[in-house]
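# Per-entry structural report
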2 protein chains.
Amino acid sequence: VHQVRYRALVEYDGSGYFGFQRQRRDQPTIQGELENVLQELVQAPVRVTGAGRTDSGVHAMGQVISFELAWQHGLESLQRALNAGLPAGIAVYQLEEAAADFHPRFHATRRAYRYLVYNAPVRSPLWRLRSWHVSRPLLLESLQEASTMLVGEHDFATFGVAPQGELTRREVFSADWRRQEPFVAFRIEANAYLYRMVRSLVGSLVAVGTQSWRVEDFREAFKSGDRSRSAAPAPAQGLYLEAIQYGV
Amino acid sequence: VHQVRYRALVEYDGSGYFGFQRQRRDQPTIQGELENVLQELVQAPVRVTGAGRTDSGVHAMGQVISFELAWQHGLESLQRALNAGLPAGIAVYQLEEAAADFHPRFHATRRAYRYLVYNAPVRSPLWRLRSWHVSRPLLLESLQEASTMLVGEHDFATFGVAPQGELTRREVFSADWRRQEPFVAFRIEANAYLYRMVRSLVGSLVAVGTQSWRVEDFREAFKSGDRSRSAAPAPAQGLYLEAIQYGV
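Residues numbered from 1 in each chain as written. Chains lettered and ligands numbered in written order. Predicted model: local features only at pLDDT ≥ 70, side-chain atom pairs only at ≥ 80, totals over all residues. Heavy atoms only, no water.

## Regarding the overall build of chain A
Counting its secondary structure elements, chain A contains 5 helices and 10 strands. Radius of gyration (C-alpha) of chain A: 19 Å, near the 18 Å computed for a compact globule of 248 residues. With respect to the principal axes defined by its C-alpha atoms, chain A has extents near 60 × 40 × 30 Å. Partitioning the intrachain contacts of chain A with sequence separation of at least 6 by distance along the chain shows that 69% fall at a separation of at least 24. As presented, chain A carries roughly 11700 Å² of accessible surface, and 48% of it is formed by carbon and sulfur atoms. (Helix = DSSP H or I, 4+ residues; strand = E, 2+ residues; numbered from the N terminus. Rg over C-alpha atoms; globule rule 2.2 N^0.38 Å. Contact = heavy atoms within 4.5 Å. Areas by Shrake-Rupley, 256 points an atom, 1.4 Å probe, with all protein chains shown as cover.)

In C-alpha cells form, the structure reads like this:
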C-alpha cells in the first residue's frame, strides 16, 4: 500500500484543549488527538498539518488539515474510523484525497474567523464556553464604522505579532458586525493574520462599541503600530475558525 | 426585616447536574446550588421551589423558581449577589417580588419545551452537549403529521408515567417541528407533562421522521396507552425547558 495525501475539514470544541498545535505530552491538543488516532489506525507515526494554529480555547468549524497515510479501505471507512477514534470534542466532517504537495497553511489564500459576543445584562450559562459576555450595550454603528478601516492592505502591528521573519502587513477582505439578539457577531476575512490579531481587534472594537473608546481613538491606535495601544484581547472562547479558502 | 416571596427566571446548562431537584449531598443539582447561595446570603436555610423538575442533563432557558427571603438591600443587589455566588452553569436573569402564595409549579398554566436535533451525517463537537445527533435524514412532513395528533386533550400513558395520584391525561396546545439547517427543532406547549413525556415523544417522532416507523405505527402506539410501545426516550442533552406561563 503506498502513501496518499489526504485533506480534511475538522470541527472542534476548543474548550479543554491547549490549542491546535501539539504541546507537551500532558497537554491535550487538536493536532495531538488527530495524530494519536491516525497512529493507532496504521501503527506508525503520522504527521498532521493544519491551516491555522488556533489558541487554547478557540473553536473551529472549518479547520483544514492534511496528512499522508497508507490506507487501503477507502475514504468512507477512513472517515468513520477517525470519528470513532476521536474524542467527542473533535470530528472530521469531510475527507478527500489531495495533491501530493498540498499544504493547508502555505496554500491557503483566505481565512475567515467569526467572533461571538453575548451582549445582554446577565451572563448566559448555555453560551459561556461559546461566546464572550459583554454586559454593556454595544453600538452596532460604531463597531461597523471602526471595522471599515480594517479593509484593505495595512500594517496590523498594533493588533498582533508577526511570526518570526515575517512582516506585519496583512490584507483584510471584509470585516463586518451583525446583530442577532442577544448576540453580536463579528466576521473577518483576510489573507492571513498575526498572532492574537482577531482577538486584539475584537477587544479594541468592543471598546469602541461600548463607547469606552471613540472611533478616533481606534483609528489612532491602529495607525500608531504600537502593540501596547491595543485593548486587551477578547477571550478565546468566543472565537471560531470558520473557513479556509484555497486558490482565487 | 420581614420575609418576602421572590420569583425568578433561571437559565442553566444541565450538563454536569443531576437535574433540578435536590438529591444526595454529593450530587450537584440546580435546586441545591440555588439553595446553597441563598443560604450563604442570609445565613439561614432557604427552600427553593421550581416550576418543572428537569432530569439530569436537561437544560433550561426559562425555569421559574420561587423562594422566601429576608433581604433589605433591594432587588438589583439580590440578583447581582445570586449571580456572583452561583456557578457559571446557572444564572438568574430576572427577579421580582411575588404574591405571598405564589407557587411556580401549582400556578403554572402552560409549559413550553424545546428539543434540538442535530441532523447531519457527522456528529458536531460544538453541539454535542446541546443537541441529539441523528445521522439519518429526517422527513419534516412525517414528523409534523405525527405531531399534529398530539394537539388536544389526550391520554399520554404511552409516553410517560404520571406522578403518584395523578391521571395520564394532559392537554397539548401546540407541537411543531421546524428545520433550520443543520438542526431540526421540536417545540411543544402543554398544560403539564408526564415524567419523561417530551423525550419519549421525541424518540417516537424521530422514529417516524427517519421512517423506521410509519405515521400509522405512531398512531397505534399512541392510542394503545401501552408504555412499552414508546420508542426509547431521546437523550437529555437536546431538551430545553423554554418558558412557563401563568394565568390565561
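What follows continues from the structure just given.
## A look at the relation of the copies chain A and chain B
Of the transformation placing chain A onto chain B, the axial shift is 0.0 Å and the rotation is 180°, giving an RMSD of 0.0 Å. Within this description, the copies of the chain are treated as partners about a two-fold rotation axis. (Least-squares fit on C-alpha atoms with pLDDT ≥ 70 in both.)

## Points about the packing of helix 3 (residues 140–148) of chain B against helix 4 (residues 197–209) of chain B
Residues and elements named next belong to chain B. Packing of helix 3 against helix 4 leaves a shortest axis separation of 8 Å and a crossing angle of 135°. Considered as vectors, helix 3 and helix 4 are oriented oblique to each other. Handedness of the helix 3/helix 4 crossing: right-handed. Residues S142, L143, A146 and S147 of helix 3 lie in contact with helix 4, whose contacting residues are L205, V206, V208 and G209. Tallied by class, the residues present in the contact of helix 3 with helix 4 amount to 5 nonpolar, 3 polar and no charged. (Axes fitted to C-alpha atoms, helices over the stretch in contact; angles between N-to-C directions. Parallel < 35°, antiparallel > 145°, perpendicular 65-115°, else oblique. Left-handed = near helix turned anticlockwise from the far one by under 90°. Nonpolar A, V, L, I, M, F, W, Y, C, P; charged D, E, K, R; others polar.)

## A look at the nonpolar core
In terms of nonpolar packing, the biggest core is built from 70 residues, with A:L34, A:F67, A:L150, A:W177, A:F186, A:I188 and A:F218 touching the most fellow members. The dominant element in this core, judged by the number of residues it contributes, is helix 4 (residues 197–209) of chain A, at 8 residues. Residue contacts for A:L150: discarding those within four places in its chain leaves A:F156, A:V172, A:A175, A:F186, A:L201, A:L205, A:F218 and A:F222. Among the nonpolar cores identified, the runner-up in size contains 67 residues, and B:V117, B:L138, B:L150 and B:V202 belong to it. (Core = buried A, V, L, I, M, F, W, Y, C linked by side-chain atoms within 4.5 Å. Buried < 20%, exposed > 50% of the residue type's maximum accessible area, 1.4 Å probe, protein only.)

## Topic: the interface of chain A and chain B
Counting residues at the interface gives 26 residues for chain A and 26 residues for chain B. Summing the contributions of chain A and of chain B, the shared interface buries around 1800 Å²; its carbon and sulfur component is 55%. Remark: the boundary between chain A and chain B carries 2 salt bridges. Across the pair A:R128 and B:D13 runs a salt bridge whose closest N-O atoms are separated by 2.8 Å. One can count 14 residue pairs in polar contact (both at pLDDT 80 or more) joining chain A with chain B. Contributing elements (two or more residues each) for the side of chain A that touches chain B: strand 1 (4–12), strand 3 (59–69), helix 2 (75–85) and strand 4 (90–97) of chain A. Among the elements that line the side of chain A that touches chain B, the one with the most residues is strand 4 of chain A, at 4 residues. Partitioning the side of chain A that touches chain B into residue classes produces 16 nonpolar, 5 polar and 5 charged. (Buried area = accessible area lost by both parts, 1.4 Å probe. Salt bridge = Lys/Arg side-chain N within 4 Å of Asp/Glu carboxyl O. Polar contact = N/O pair within 3.5 Å; in protein donor to acceptor, adjacent residues only side chain to side chain.)

## Notes on the environment of B:H133
Residue and element names in this part refer to chain B. Relative to the assigned elements, H133 resides in strand 6 (residues 132–133). Its relative accessible area of 30% is what places H133 among the partly exposed residues. Considering only alpha carbons, one finds H133 and N119, 14 residues apart in sequence, at a separation of 6.0 Å. With sequence-adjacent residues up to four places away left out, H133 is seen in contact with Y118, A120, P121, V122 and R123.

## Considering the pattern of salt bridges
In the structure shown here, the tally under the stated rule is 30 salt bridges over all chains. For A:E242, the salt bridge goes to A:R187, with nearest N and O atoms at 2.8 Å. On the criterion of sequence distance, the pair formed by A:E242 in strand 10 (residues 239–246) and A:R187 in strand 9 (residues 183–190) is long-range, its members being 55 residues apart. A:E242 gets classed as buried once you look at its relative accessible area, which sits at 15%. Between B:E166 and B:R170 there is a salt bridge, with the nearest N and O atoms lying 2.7 Å from each other. Its relative accessible area of 44% is what places B:E166 among the partly exposed residues. If you follow the salt bridges from partner to partner, you end up with A:R110, A:R114, A:R187, A:E189 and A:E242 in one network.

## Side note on the packing of aromatic side chains
Counted by the stated rule, this structure contains 25 aromatic pairs over all chains. Joined through ring pairs, the aromatic side chains of A:Y118, A:W127, A:F183, B:Y118, B:W127 and B:F183 make up one cluster. Stacked on the ring of A:F173, the Lys or Arg A:R110 has its end atom at 4.0 Å from the ring centre. (Phe/Tyr/Trp six-rings, centres within 6.5 Å; stacked < 30°, edge-to-face > 60°. Lys NZ or Arg CZ within 6 Å of the ring centre and 35° of its normal.)

## Regarding the side chain of A:R111
Residue and element names in this part refer to chain A. In this fold, R111 is placed in strand 5 (residues 108–118). The side chain of R111 is buried and forms no salt bridge, while E166, the nearest opposite charge, is found at 8.6 Å. Within the local environment of R111, its side chain forms a polar contact with the backbone oxygen of R105, the two atoms lying 3.1 Å apart. Aside from chain neighbours lying at most four places away, what touches R111 is A51, R105, I188, E189, A190, N191, A192, Y193, A243 and I244. (Lys, Arg positive; Asp, Glu negative; His and termini not counted.)

## Digging into helix 2 of chain A
Where helix 2 of chain A is concerned, the buried positions are A:S77, A:L78, A:Q79, A:L82 and A:N83. Looking at the buried side of helix 2 of chain A, the elements it contacts are strand 1, helix 1 (30–42), strand 3 and strand 4 of chain A.

## Observations concerning the confidence of the model for chain A
Of all residues in chain A, 100% attain a pLDDT of 70 or more, and the chain-wide mean is 96. This complex was scored by the predictor with a pTM of 0.94 and an ipTM of 0.93. (pLDDT = per-residue confidence, 0-100.)

## A word on the layout of surface pockets
Residue and element names in this part refer to chain B. Counted as a void, the second largest pocket has a volume near 760 Å³. Residue lining of the second largest pocket: 30 residues in total, with G52, R53, Y193, L194 and Y195 positioned closest to the centre. For the lining of the second largest pocket, the secondary structure elements donating two or more residues are strand 5 (108–118) and helix 4. Split by residue class, the lining of the second largest pocket holds 15 nonpolar, 7 polar and 8 charged. (1 Å grid on protein atoms, 1.4 Å probe; cavity = no way out; pocket = protein on both sides within 12 Å on 5 of 7 lines; lining within 4 Å. Points joined across faces, edges and corners; volume = space filled by probe spheres on them.)

## Quick look at empty space enclosed by the protein
Evaluated as defined, the whole model comprises 1 cavity of 30 Å³ or more. If you trace the largest cavity, you find it lined by A:L126, A:W127, A:R130, B:L126, B:W127 and B:R130. Of the residues belonging to the lining of the largest cavity, the class tally is 4 nonpolar, no polar and 2 charged.

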